[in-house]
2 protein chains.
Amino acid sequence: MKKESSFPLFVTFALKIKSGIMEIINLLEPDEARNGLLMDALKNRKSTKEGYGEEISLRDLSDLLWAANGINRPETKDHTAPSAMHACDVDVYVCKSEGNYLYDAIKHQLKLVSKVNLLPSLAMTQEYVASAKQIVVLVSDNKRIQQINDPSRLVILGGIDAGIVAQNINLFCAANGLIVVTRGYMDSDAVAKGLNLEKGMHPMLNMPLGYR
Amino acid sequence: MKKESSFPLFVTFALKIKSGIMEIINLLEPDEARNGLLMDALKNRKSTKEGYGEEISLRDLSDLLWAANGINRPETKDHTAPSAMHACDVDVYVCKSEGNYLYDAIKHQLKLVSKVNLLPSLAMTQEYVASAKQIVVLVSDNKRIQQINDPSRLVILGGIDAGIVAQNINLFCAANGLIVVTRGYMDSDAVAKGLNLEKGMHPMLNMPLGYR
């Protein structure tokens, strides 16, 4: 504290910018030539409940988000994950202690949505989750699913669509030396509030990420 | 008709056996060394709405079922797909016009459960689906999910778990020259009845299979 206050104003300002949180993170172009056989990923797929705590590199995070629900056919803007009636209802968030980002698949960018620390609301009583440096949250926006009016059916379809995205992440992790676990357990109301979700947007799953 | 009735009895009997349906189909040992990169599978993942009609080989069906929800860690009997609270609630059925089979992941076998033709109840109004020679059906057994009593929550968790299995199938198909589409649309009551499902077992998704 003493040391900081002795800095001239412009240095303090520069440090604030340096320690500030970025509004936009431009992800790296997906590396579609990454090695890793699908059958090996299926063989190695597992849920890991310890050893989180490392920060994921930008390279891995960029490719993981593309795998999760990125654009795999740019000409039609179609996704790696199918969705109910092509609703593209699942949004992928990356939550870190300093702030929460929404993945924009078309721009392949992360956009800051809030600065609240949601890790405790995601981890709940599970300490190994709380130790993770980043937790992916999958949210289904029921409003995007057309032709269905029954709210209970909508939320089931949203769950199915979130499960599909989750398995893309699980397999990417299995193929690339990452650890992950698929969790439904969280304080959904706090997470929805912290991510500024609209009505009809449901946090379905959360997945802490780390390295093996 | 005339030709058939002119056969002697023992020939008719032999033909019936030949055209009869097997109670158990022993699948081939999963070929875990199959080629196909995960990133290529993600790149090529798509929903196909035409061109079904070919029968899947035993080699491909064996590996697809293992990929879907087979045992990837024999020592602990863990699966390629995670599930809510490790409930292993998703059963995989293979429906053909002549009968319907349940996949036994531990024995890596298909077991006949009924002989009713469910393809029309699965296809509904979609002719391209009705033309498929086999349709996979994913059923969640809510009774296996412990610690949760809320029926609406149970069915969401079952939907998530079915979505996870579905994406294993989608990626296997993308990597191996098969076509597939993930569908929620079906006559669920007729399918549940035709598969002899117990109360609490919900048909979540169906996926016709064919070759590109």
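Higher on the page you've got the structure.
Here is what the cut-offs are and how they apply
Numbering of residues starts from 1 in every chain and runs along the sequence as written. Chains and ligands are labelled by the order in which they are written, letters from A for the one and numbers from 1 for the other. This being a predicted model, a pLDDT of at least 70 is required before a residue's local features are given, and a value of 80 or more before pairs of side-chain atoms are given or counted; all residues contribute to the totals for chains, interfaces and linings. Only heavy atoms go into the side-chain values, all of them from the structure, while hydrogens and water stay out. In this analysis, strands are considered paired if DSSP registers two or more bridges between them. We count a stretch as a helix when DSSP gives it H or I for four or more residues in a row; a strand needs E for two or more, and each element gets its number in order from the N terminus. The angle between two axes is taken between their N-to-C directions and runs from 0 to 180 degrees, where each axis is a line fitted to C-alpha atoms and a helix contributes only its stretch in contact. Whether two residues are in contact is decided by their heavy atoms: any pair within 4.5 Å suffices. Reported buried area values correspond to the accessible surface (1.4 Å probe) lost by two parts on association, with both partners' losses combined. Only one rule defines a salt bridge in this text: a Lys or Arg side-chain nitrogen within 4 Å of an Asp or Glu carboxyl oxygen. Whenever two N or O atoms come within 3.5 Å, that pair is a polar contact, provided that in protein one can donate a hydrogen and the other can accept it, and provided that, for residues adjacent in sequence, both atoms are side-chain atoms. Charged means Asp, Glu, Lys or Arg here, nonpolar means Ala, Val, Leu, Ile, Met, Phe, Trp, Tyr, Cys or Pro, and polar covers whatever is left, Gly included. We call two directions roughly parallel when the angle between them is under 35 degrees, roughly antiparallel when it is over 145, roughly perpendicular when it lies between 65 and 115, and oblique otherwise. Note: crossing handedness is left-handed where the near helix turns anticlockwise from the far helix by less than a right angle, and right-handed where it turns clockwise. Each residue after the first adds 1.5 Å to the expected span of a helix. Under the scheme applied here, a residue whose accessible area is under 20% of the maximum for its type counts as buried, over 50% as exposed, and between as partly exposed, the area being computed with a 1.4 Å probe on protein chains only. Our superposition of the copies is a least-squares fit, built on the C-alpha atoms of residues whose pLDDT is at least 70 in both. Note on aromatic pairs: the rings of Phe, Tyr and Trp (six-membered ring only in Trp) are paired at centre separations within 6.5 Å, and the planes decide the class, stacked below 30 degrees, edge-to-face beyond 60, tilted for the rest.

Visitor: Quick question: what am I supposed to make of the sheet that holds strand β5 (residues 99–104) of chain A here?
Guide: All names here are of chain A. Taken in spatial order, the seven strands of this open sheet run β1-β6-β5-β4-β7-β9-β8, and their pairing is antiparallel. The sheet terminates laterally at β1 (24–26) and β8 (178–180), the two strands that pair on one side only. Neighbouring strand axes in the sheet, compared pairwise and without regard to direction, differ in orientation by 30° on average. Across six bridges, the pairing between strand β4 (residues 90–96) and strand β7 (residues 134–141) is antiparallel.

Visitor: How do you make sense of the interface of chain A and chain B when you look at a structure like this?
Guide: By convention, interface size is frequently given as the accessible area that disappears when the constituent parts associate. On the chain B side, the residues contacting the 43 residues of chain A number 43 residues. For the pairing of chain A and chain B, the buried interface totals around 3,500 Å² over both sides, and the portion due to carbon and sulfur atoms is 63%. The three residues of chain A that bury the most area against chain B are Leu38, Met39 and Lys43 of chain A, which together make up 20% of that side's buried surface. Applying the counting criterion to the chain A and chain B interface returns two salt bridges. On the surface where chain A and chain B come into contact, there are 18 residue pairs in polar contact (both at pLDDT 80 or more). With 13 residues, helix α7 (residues 151–175) of chain A is the single largest residue contributor to the side of chain A that touches chain B. Partitioning the side of chain A that touches chain B into residue classes produces 19 nonpolar, 14 polar and ten charged.

Visitor: Is there a simple way to explain the packing of helix α4 (residues 58–69) of chain B against helix α7 (residues 151–175) of chain B in this structure?
Guide: Each packed pair of helices is defined by two parameters, the angle between the axes and the distance between the axes. Residues and elements named next belong to chain B. The geometry of α4 relative to α7 is characterised by a closest axis approach of 7 Å and an angle of 140° between their N-to-C directions. Judged by the angle between their axes, α4 and α7 are oblique. Crossing geometry of α4 relative to α7 is assigned as right-handed. For the pair α4 and α7, contact is made by Asp60, Asp63, Leu64, Ala67, Ala68 and Asn69 and by Val165, Asn168, Ile169, Phe172 and Cys173, respectively.

Visitor: Sorry, what's going on with α7 of chain A here?
Guide: Every α-helical turn comprises 3.6 residues, leaving residues that sit three or four positions apart pointing alike. Residues and elements named next belong to chain A. Between the first and last C-alpha of α7 there are 37 Å, a value that for 25 residues agrees with the 36 Å anticipated at 1.5 Å per step. Counting buried residues along α7, 21 of its 25 residues qualify, which places the element largely inside the surrounding structure. In the stretch just after α7, Gly177 is the one whose phi turns positive, near 75°.

Visitor: In this structure, what is going on with the side chain of Asp78 of chain A? I would like to understand it.
Guide: Residue and element names in this part refer to chain A. Position of Asp78 relative to the elements: it lies in strand β3 (residues 78–79). One polar contact links Asp78 to His86, side chain to side chain, over a distance of 2.6 Å. What Asp78 contacts, discounting residues up to four positions off in sequence, is Gly70, Ile71, Asn72, Arg73 and His86.

Visitor: Where do I start with unusual backbone geometry in this structure?
Guide: For residues other than glycine, phi is negative in most cases, and the peptide bonds are mostly trans. Here the phi dihedral of Gln147 of chain A falls at roughly 70°; this positive angle occurs in a residue that is not glycine. On the basis of relative accessibility, which here comes to 72%, the residue Gln147 of chain A falls in the exposed class. You will see that Met85 of chain B, though not glycine, has its phi angle at about 50°, which is positive. You can see Met85 of chain B is positioned in the loop between β3 (78–79) and β4 (90–96).

Visitor: Teacher, can you tell me more about the relation of the copies chain A and chain B here?
Guide: Comparison of the two chain copies shows a relationship of rotation about an axis with a shift along it. You can overlay chain A on chain B at an RMSD of 0.0 Å; the transform is a turn of 180° with a shift of 0.0 Å along its axis. As the rotation angle and translation indicate, the two copies are arranged about a two-fold axis. The fraction of interface residues of chain A whose copies in chain B are also interface residues reaches 100%, indicating that both copies meet through the same surface.

Visitor: Just checking my understanding: could you explain the environment of Arg212 of chain B for this structure?
Guide: Residue and element names in this part refer to chain B. Mapped onto the secondary structure, Arg212 falls in the segment after β9 (201–211). As for Arg212 and Ala132, which are separated by 80 residues in sequence, their C-alpha atoms are 13 Å apart. The contacts of Arg212, once residues within four sequence positions are left out, are Cys173, Ala174, Gly177, Leu178 and Ile179.

Visitor: What exactly am I supposed to notice about the environment of Val94 of chain A here?
Guide: All names here are of chain A. Tracing the chain through its elements places Val94 in strand β4. Along the sequence, Val94 and Tyr128 sit 34 residues apart, while their C-alpha atoms lie 17 Å from each other. Not counting residues within four places of it along the chain, the set of residues in contact with Val94 comprises Leu61, Leu65, Gly99, Asn100, Tyr101, Leu110, Gln134, Ile135 and Val136.

Visitor: Is there a simple way to explain the packing of aromatic side chains in this structure?
Guide: By convention here, two paired aromatic rings are described through the distance between centres and the angle between planes. Residues and elements named next belong to chain A. According to the stated counting rule, one finds two aromatic pairs over all chains in the structure shown. Here the aromatic rings of Tyr52 and Tyr128 are separated by 5.9 Å at their centres, their planes lie at 40°, and the arrangement is tilted. Of this pair, Tyr52 sits in the loop between α3 (38–44) and α4 (58–69) while Tyr128 is found in helix α6 (residues 127–130), placing the two residues 76 residues apart along the sequence. By relative accessible area, Tyr52 is classed as buried at 8%.

Visitor: Mind showing me how you'd approach the pattern of salt bridges here?
Guide: Oppositely charged side chains may form a pair once their charged atoms are brought near each other. Residues and elements named next belong to chain A. Within this structure, the stated rule accounts for 22 salt bridges over all chains. Salt-bridge contacts for Arg144 lead to Asp91; the nearest nitrogen and oxygen are separated by 2.7 Å. Within this pair, whereas Arg144 is found in the loop between β7 and α7, its partner Asp91 is found in strand β4, the two being separated by 53 residues in sequence. For Lys143, the salt bridge identified is with Asp141, shortest N-O distance 3.0 Å.

This is a description of form; function is not addressed.
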